[in-house]
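Inside the fold
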Amino acid sequence: MENLLTIFIVVTSLAVVIQAAILAGMYFAMRKTSAKVESLAEEVKTKILPTAELAHSMMTELRPKIENIVDNVSTSTTVLRTQMERVDATLTDIMDRTRLQVIRADEFVNSTMDKLEETREAVQRTVVSPVRHISGLMHGVTAGIEAFFSRRRARSSVNPAQDEMFI
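First things first, this report covers the structure right here in the doc. (Residues numbered from 1 in each chain as written. Predicted model: local features only at pLDDT ≥ 70, side-chain atom pairs only at ≥ 80, totals over all residues. Heavy atoms only, no water.)

Another point: the overall build of the protein. A tally of regular secondary structure across the protein gives two helices and zero strands. Scaling as 2.2 N^0.38, a compact globule of 167 residues should have a C-alpha radius of gyration of about 15 Å, whereas the protein reaches 64 Å, well beyond that. When the backbone C-alpha atoms are referred to their principal axes, the protein occupies close to 210 × 50 × 30 Å. Total accessible area on the protein stands at roughly 15,500 Å², and carbon and sulfur atoms take up 66% of it. Across the protein, the mean location of the 20 positive side-chain charges is 6 Å away from that of the 21 negative side-chain charges. (Helix = DSSP H or I, 4+ residues; strand = E, 2+ residues; numbered from the N terminus. Rg over C-alpha atoms; globule rule 2.2 N^0.38 Å. Areas by Shrake-Rupley, 256 points an atom, 1.4 Å probe, with all protein chains shown as cover. Lys, Arg positive; Asp, Glu negative; His and termini not counted. Charge placed at Lys NZ, Arg CZ, Asp CG, Glu CD.)

Here it is as structure tokens:
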């Protein structure tokens, strides 16, 4: 049992020494890591923090200007929308009026064409037809007169001897 007690003490001592060595290794590793983290933190302070502060100061300075730009854009958009609505209303009105004028012009042209057709028919009935009848009648009379005189001439040329005998 005494041997057992010695073995137990030796094993416990070895375990304590191993634990101490592990703790010492962890201490040195943590110290190294801590040094690296500190150098990294220092680098962040020297490089990134000035940039962040510069960005922050720029944002602080630019915020009113950006707000002013946003307000101007909003106002311009509202004015532009209002003007576009006016232009749309004006164009719609122009299109409606143009359609109305085209319809009126079409009706006017159709009415004029109808009246011209009626006038042509009336002239045909009242002037051209009677003139044709009169013209036909005149041709007939002319033909009759020509026929009458041509017969007389024909008789005169045949009977000159008789007329000469009387004289």
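Time to look at the environment of T126. Its location among the elements puts T126 in helix α1 (residues 2–158). A distance of 2.6 Å separates a polar side-chain atom of T126 from the backbone oxygen of A122. (Polar contact = N/O pair within 3.5 Å; in protein donor to acceptor, adjacent residues only side chain to side chain.)

This paragraph deals with the environment of V127. Examined against the element boundaries, V127 turns out to sit in helix α1. It is 16 Å that separates the C-alpha atoms of V127 and M138, two residues lying 11 residues apart in sequence.

What follows covers a nonpolar patch on the surface. A cluster of nonpolar side chains, namely V10, L14, I18, I22, L23 and M26, defines an oily patch on the protein surface of about 600 Å² accessible area. Counting through the fold element by element, I22 comes out in helix α1. (Patch = residues over 30% accessible without salt bridge, like charges linked within 9 Å, V, L, I, M, F, W, Y side chains within 5 Å. Salt bridge = Lys/Arg side-chain N within 4 Å of Asp/Glu carboxyl O.)

The tally for this structure, following the rule as stated, stands at four salt bridges. For D93, the salt bridge identified is with R97, shortest N-O distance 3.1 Å. One end of the pair, D93, and the other, R97, are both in helix α1, four residues apart, so they sit about a helical turn from each other. By relative accessible area, D93 is classed as partly exposed at 36%. The residue E117 makes a salt bridge to R120 at a minimum N-O spacing of 2.7 Å. Of this pair, E117 and R120 are both found in helix α1, three residues apart, which corresponds to roughly one turn of the helix. Judged by relative accessible area, E117 falls into the partly exposed class, the value being 36%. (Buried < 20%, exposed > 50% of the residue type's maximum accessible area, 1.4 Å probe, protein only.)

Our focus in this paragraph is the packing of aromatic side chains. Counted by the stated rule, this structure contains two aromatic pairs. Geometrically, the ring pair formed by Y27 and F28 is edge-to-face, given 5.5 Å between the ring centres and 65 degrees between the ring planes. For Y27, a relative accessible area of 49% corresponds to the partly exposed category. Consider the rings of F148 and F149, whose centres lie 5.6 Å apart with planes at 65 degrees: the pair is edge-to-face. Given the relative accessible area of 39%, F149 is considered partly exposed. (Phe/Tyr/Trp six-rings, centres within 6.5 Å; stacked < 30°, edge-to-face > 60°.)

Attention shifts here to the environment of T33. Topologically, T33 is positioned in helix α1. Within the local environment of T33, its side chain forms a polar contact with the backbone oxygen of A29, the two atoms lying 2.8 Å apart.

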